[in-house]
Amino acid sequence: MAAIPNDDLSRELVVRGVEDALHLGVAGDTYTVLLRGEDTAGRYCLIDMHVPPGGGPPPHRHDFEETFTLLEGELEFTFRDGKRIARGGETVHIPANAPHRFENVGKAAARMLCICSPAGQERFFEEVGVKVGSSTEPPPRLEGAELEAVQKKAVELAPKYRTEML
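Rules used in this analysis
Residues numbered from 1 in each chain as written. Predicted model: local features only at pLDDT ≥ 70, side-chain atom pairs only at ≥ 80, totals over all residues. Heavy atoms only, no water. 1 Å grid on protein atoms, 1.4 Å probe; cavity = no way out; pocket = protein on both sides within 12 Å on 5 of 7 lines; lining within 4 Å. Points joined across faces, edges and corners; volume = space filled by probe spheres on them. Helix = DSSP H or I, 4+ residues; strand = E, 2+ residues; numbered from the N terminus. Nonpolar A, V, L, I, M, F, W, Y, C, P; charged D, E, K, R; others polar. Core = buried A, V, L, I, M, F, W, Y, C linked by side-chain atoms within 4.5 Å. Buried < 20%, exposed > 50% of the residue type's maximum accessible area, 1.4 Å probe, protein only. Contact = heavy atoms within 4.5 Å. Pairing = 2+ DSSP bridges.

1. Notes on the layout of surface pockets
Stage number 1. Here the largest pocket defines a volume of roughly 800 Å³.
Stage number 2. Taken together, 32 residues line the largest pocket, and the ones lying closest to its centre are V26, A27, G28, L147 and V150.
Stage number 3. At the level of secondary structure, the elements contributing two or more residues to the lining of the largest pocket comprise β1 (22-26), β4 (60-62), β5 (65-72), α1 (121-128), α2 (144-157) and β12 (163-165).
Stage number 4. With 5 residues, α2 is the largest single contributor of residues to the lining of the largest pocket.
Stage number 5. Here the residues of the lining of the largest pocket are counted per class, giving 22 nonpolar, 8 polar and 2 charged.
Stage number 6. By volume, the second largest pocket amounts to about 150 Å³.
Stage number 7. What lines the second largest pocket is simply F77, F79, G82, K83, R84, A86, E90, T91, V92, H93 and I94.

2. Overview of the nonpolar core
Stage number 1. Counting residues in hydrophobic clusters, the biggest one holds 29 residues, and the most contacted among them are M49, F68, L75, F77, F102, M112 and F125.
Stage number 2. Setting aside residues up to four positions removed in sequence, M112 forms contacts with I47, D48, M49, V51, F68, T69, L70, L71, L75, F77 and F102.

3. Some words on the pairing of strand β9 (residues 100-103)
Stage number 1. Side chains of β9 alternate between two faces, with H100 and F102 buried and R101 and E103 left unburied.
Stage number 2. Both strand β6 (residues 74-79) and β9 contribute to a ladder of 4 bridges, which runs antiparallel. Bridge assignment links E76 to a residue of β9, and that residue is E103.

Right, here's the structure in full:
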């Protein structure tokens, strides 16, 4: 059995409240970055996701594990070719490289915590998202040329973050 490494004294305790974190509008949702790769030695990131009715990303896949714990509401998860409703109190795990998406098909906002391991997805959201003022503030509604430009940017940046838009 391998020995447990010594405590890394260069790492610090991180305490960050939801309202003190970075809030980003991404794909019509609001994502609050609670822990970044810098906070976890690159092991994972933690994102609080507020998903309004109709919200959720387009189909995609990526080369990292992703776990969602629903705190409130319900979301429809598409995993490969199947669909499943997940509700508050349930946890959904997406293995690396599997095609998936989620969508709020309900009438109320959903809230979940998302862990991506290893970290890095938070950087993608920072590059494609727009800063908003709080964890529940909706992002500006994009239409026409603005929407097309953001979608194009996401597709172009996706490979940098080991992601493929489907």
